[in-house]
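# Inside the fold
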Amino acid sequence: MYLIPPNFYASSLSHLSSLVVIIFNLLILQGLHCSDLSNVKKTSNAVKVVTPSPVVLRKAKLTTDSSWISASLNRHNYLRSLHNAQPLTLNTTLCEISQAWANHLLARSLENIRSNGNVAKDNFFFDHNHATNQKYFIGENLYFSTHSRGVQVNGTIAVTLWYNEIKDYDFQFARVKVTSRAESLIGHFTQLVWKSSTDMGTAFATGQLPNGQLVTFIVANYYPAGNVLYRPDFPQKLYLKNVVPPVSDTENEIEDVDKVIQDKIQFWELSLVDITTPQAWIDQALNKHNEYRAHHDFPLLTESPKLSGLAQAWAEFLVAKGVRDFNSKWTIEGRHGFKNIAATEKAEFGENIIYLVGDGFVNPESVVTLWYEQHNFYDFENRRPNSNKSRTAQTNDFEQIMWKATTHFGMAFASGVAENGQVITFVVSYYYPRVPNWATLRDKMENLPDSSAHKIVVIPNIFIFLTSLGVLLTSQNVF
């Protein structure tokens, strides 16, 4: 037996109990498209076969819209086509199983939150439908997200994020790349493109949290399950057969972009330092960027260590200057002078900068959310700030994190302590390619989302207070 370890935001599961169980389920599930898994009629010898299992097969009436399910199926099949895997067939029974488990995850989570009185991460119930998956040899991918009221979690976001695990998968040895973090997950990706899987079903459930936000759970089930092993002594055998490299070699393209970034940094003699920002913090920031981009079906970003090193160097420079200013003037000057001219104008990297004065705690997800929330002041029809909503608000940060042509990003923070004990923190993020200074309306129409791609929530305030940070963040492009 082999299981890919679960992750808090998404998890992938499959289980092989025994060869006998597989054969038995293959017989039972031949009628999966039109029948209940717990009682299947077989035409051979006119025998009625009843599943002799104490496992209760949980199904629920579908409340997930058919267009949402179709979008998920289409994204699955497009991504599978890149790996020469046959398209999956939509299976109503698997959709009903997914709906039941999504409902269960939501109900258990809301119950835990009410009992414990807060929406801490540990209070969300996020686990697999183990009994059903093991009994019926069903694979499962899970995802959940908290979001603002009015934000619609579309049918492709989870699929896109699951597939993004390809960056950590070693196709030659069927394992996590040695250059990736040991805890990197690959199981969602491998299940998604598993060639032997033929059917899928998916659904979601959404509920309101006590803090007014919404939480959405997404469940996708697959049959037959992927991520299985028959030979413990040769564990990668079925992975090599079922998870093949993409038809086009995208890794070479990524390497070429990395070389361009490195050449630009060297040519313009930009300062790099060792990255002291924890990699887990950078990964959180990257995932939040990609979550928002996936909402709009935009390509996901890849982290560039060179850009993160550049961001670290500039954040440390700004902190040193900021602490001096704060000690002498009790304020930080240069709101529009934070820009790294060499990096932005010469090397042509995109740049977002934000600073805060507080206790030094920086939540990367909240920083990215602040930049994304600038969409509330955006005129989507004309692709520019909406002067009717605010005459002072800027939307440069929003445009940069969402720019469709951007492929790479790097982010870091640095902190310093002022004489009064307060902590000054700067967060810097770089992007390549950047939003061009000369971007035309046509460029923006092609590279920025329109309002129909996402339900936009209008926030009347021009100042956004992030309670998760406990301080007011100031972005050079916000006010």
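Read on for a plain summary of the structure. All residue numbers refer to position in the chain's written sequence, counted from 1. pLDDT decides what is reported in this predicted model: residues at 70 or higher carry local features, side-chain atom pairs at 80 or more are listed and counted, and totals for whole chains, interfaces and linings draw on all residues regardless. Side-chain calculation: all heavy atoms of the structure are included, whereas hydrogens and water are not.

### Thoughts on the overall build of the protein chain
Convention followed: The helix and strand labels rest on DSSP assignments: H or I over at least four residues marks a helix, E over at least two residues marks a strand, and numbering proceeds from the N terminus. Burial classes follow relative accessibility: with a 1.4 Å probe on protein chains only, a residue under 20% of its type's maximum area counts as buried, one over 50% as exposed, and anything between as partly exposed. Whether two residues are in contact is decided by their heavy atoms: any pair within 4.5 Å suffices. Note that accessible areas follow from Shrake-Rupley with a 1.4 Å probe, and for residues the cover is restricted to the protein chains shown.
Each helix and strand in the protein chain was counted, giving 14 helices and 16 strands. Taking all 479 residues of the protein chain together, 53% fall into the buried category. Within the protein chain, counting contacts between residues at least 6 apart in sequence, those at least 24 apart form 76% of the total. Entry remark: accessible area of the protein chain is about 21800 Å², with carbon and sulfur atoms responsible for 53%.

### A look at the side chain of aspartate 397
We count it as follows: The sign given to each residue is positive for Lys and Arg and negative for Asp and Glu; His and the chain ends receive no count. For this document, the term salt bridge refers to a Lys or Arg side-chain nitrogen within 4 Å of an Asp or Glu carboxyl oxygen. Any N or O atom pair separated by 3.5 Å or less is treated as a polar contact, with the protein-specific requirement of one donor-capable and one acceptor-capable atom, and with residues adjacent in sequence counted only for side-chain atom pairs.
Relative to the assigned elements, aspartate 397 resides in helix 13 (residues 396–402). It turns out aspartate 397 is buried and unbridged, and the closest side chain with the opposite charge, lysine 339, is 10 Å from it. Reaching out from aspartate 397, the side chain makes a polar contact with the side chain of glutamine 374 at a distance of 2.7 Å.

### Quick look at the pairing of strand 11 (residues 350–358)
Our working rule: Only when DSSP finds a minimum of two bridges between them are two strands counted as paired.
Along strand 11, 8 of the 9 residues are buried, which leaves the element largely enclosed by surrounding structure. With 9 bridges joining them, strand 11 and strand 15 (residues 423–432) adopt antiparallel strand pairing. From the neighbouring strand, glycine 358 faces strand 15, where its bridge partner is valine 423.

### With respect to the pattern of salt bridges
Evaluated as defined, the whole model comprises 8 salt bridges. Between lysine 59 and glutamate 96 there is a salt bridge, with its nearest N and O atoms 3.7 Å apart. Of the two residues, lysine 59 is situated in the loop between strand 3 (48–50) and helix 2 (66–81) and glutamate 96 in helix 3 (residues 92–116); the sequence distance between them amounts to 37 residues. In this structure, glutamate 291 engages lysine 288 in a salt bridge whose closest nitrogen and oxygen atoms are separated by 3.8 Å. Taken together, the residues span about one helical turn, with glutamate 291 and lysine 288 both in helix 9 (residues 279–295) at a distance of 3 residues. Lysine 288 carries the same exposure label as glutamate 291, and that label is buried.

### Some details on helix 2
Rules: To estimate how far a helix should reach, multiply one less than its number of residues by 1.5 Å.
Between the first and last C-alpha of helix 2 there are 22 Å, a value that for 16 residues agrees with the 22 Å anticipated at 1.5 Å per step. When helix 2 is considered as a whole, its buried residues turn out to be Trp68, Ile69, Ser72, Leu73, Arg75, His76, Asn77, Leu79 and Arg80. Residues of helix 2 that are buried make contact with strand 4 (89–90), helix 3, helix 5 (157–163), helix 6 (187–193), strand 8 (199–208) and strand 9 (214–223).

### Re helix 12 (residues 364–372)
Because the α-helix completes a turn every 3.6 residues, residues three or four places apart line up on one side. The buried fraction of helix 12 is high, at 8 of 9 residues. Among all positions in helix 12, only Pro364, Ser366, Val367, Val368, Thr369, Leu370, Trp371 and Tyr372 are buried.

### What about the packing of helix 9 against helix 12?
Filter applied, for reference: Each axis is a line fitted through C-alpha atoms, and for a helix only the stretch in contact is used; angles between axes span 0 to 180 degrees, taken between their N-to-C directions. For a crossing to be left-handed, the near helix must be turned anticlockwise from the far one by less than a right angle; the clockwise case is right-handed. Following the grouping adopted for this structure description, the nonpolar residues are Ala, Val, Leu, Ile, Met, Phe, Trp, Tyr, Cys and Pro, the charged ones are Asp, Glu, Lys and Arg, and the polar ones are all others, Gly among them.
Two elements in contact, helix 9 and helix 12, have axes separated by 8 Å at closest approach and are oriented at 30 degrees. Considering how the two elements wind past one another, helix 9 and helix 12 form a crossing that is right-handed. Between helix 9, through Trp281, Gln284, Ala285, Lys288, His289 and Tyr292, and helix 12, the contact on the second element is made entirely by Pro364, Glu365, Val368, Thr369, Trp371 and Tyr372. Its residues placed into classes, the contact of helix 9 with helix 12 shows 7 nonpolar, 3 polar and 2 charged.

### Side note on the environment of lysine 121
Of note, lysine 121 is situated in the loop between helix 3 and helix 4 (130–136). The partly exposed category is assigned to lysine 121, whose relative accessible area is 40%. Lysine 121 sits 12 residues away from serine 109 along the chain, and the two C-alpha atoms are 10.0 Å apart.

### What to know about the pairing of strand 15
Taken residue by residue, a regular strand's side chains alternate between the two faces of the sheet. Judged by how many residues are buried, strand 15 sits mostly within the fold: 10 of 10 residues are covered. Residues Val423, Thr425, Val427, Ser429 and Tyr431 point to one face of strand 15 and Ile424, Phe426, Val428, Tyr430 and Tyr432 to the other, with burial holding for every one of them. As judged from the 10 bridges shared by strand 14 (residues 408–417) and strand 15, these two strands associate in the antiparallel manner. Residue phenylalanine 413 lies in a different strand from strand 15, and its bridge partner there is valine 427. Between strand 14 and strand 15, which follow one another and run antiparallel, lie 5 residues, and glycine 421 among them has a positive phi close to 95 degrees.

### Things to note about the environment of proline 364
In this structure, proline 364 sits in helix 12. Sequence separation of proline 364 and alanine 285 is 79 residues, and the distance between their C-alpha atoms is 5.1 Å. What proline 364 contacts, discounting residues up to four positions off in sequence, is Trp281, Gln284 and Ala285.

### Points about the packing of aromatic side chains
Using the following cut-off: Each Phe, Tyr or Trp ring (for Trp, its six-membered ring) is paired with any other whose centre lies within 6.5 Å, and the angle between the two planes then decides the class: stacked below 30 degrees, edge-to-face above 60, tilted in between. When the NZ atom of lysine or the CZ atom of arginine is within 6 Å of a ring's centre and also within 35 degrees of its normal, the charge is said to sit over that ring.
Scanning the model with the defined rule gives 22 aromatic pairs in all. Ring geometry for phenylalanine 126 against phenylalanine 217: centres 6.3 Å apart, planes inclined by 35 degrees, an arrangement best described as tilted. Taken together, the positions of phenylalanine 126 in the loop between helix 3 and helix 4 and phenylalanine 217 in strand 9 put the pair 91 residues apart, joining distant regions of the chain. Of the two residues, phenylalanine 126 and phenylalanine 217, neither departs from the other in class, the shared state being buried. Arranged with centres 5.9 Å apart and planes meeting at 90 degrees, the rings of phenylalanine 171 and phenylalanine 189 form a pair that is edge-to-face. In this pair, phenylalanine 171 sits in the loop between strand 6 (169–170) and strand 7 (175–176) while phenylalanine 189 sits in helix 6, placing the two residues 18 residues apart along the sequence. Like phenylalanine 189, phenylalanine 171 is buried. Among the aromatic residues, those joined into a cluster by ring pairs are Tyr292, Tyr372, Tyr378, Phe380 and Phe398. Over the ring of phenylalanine 173 we find arginine 175, and its NZ or CZ is 4.5 Å from the ring centre.

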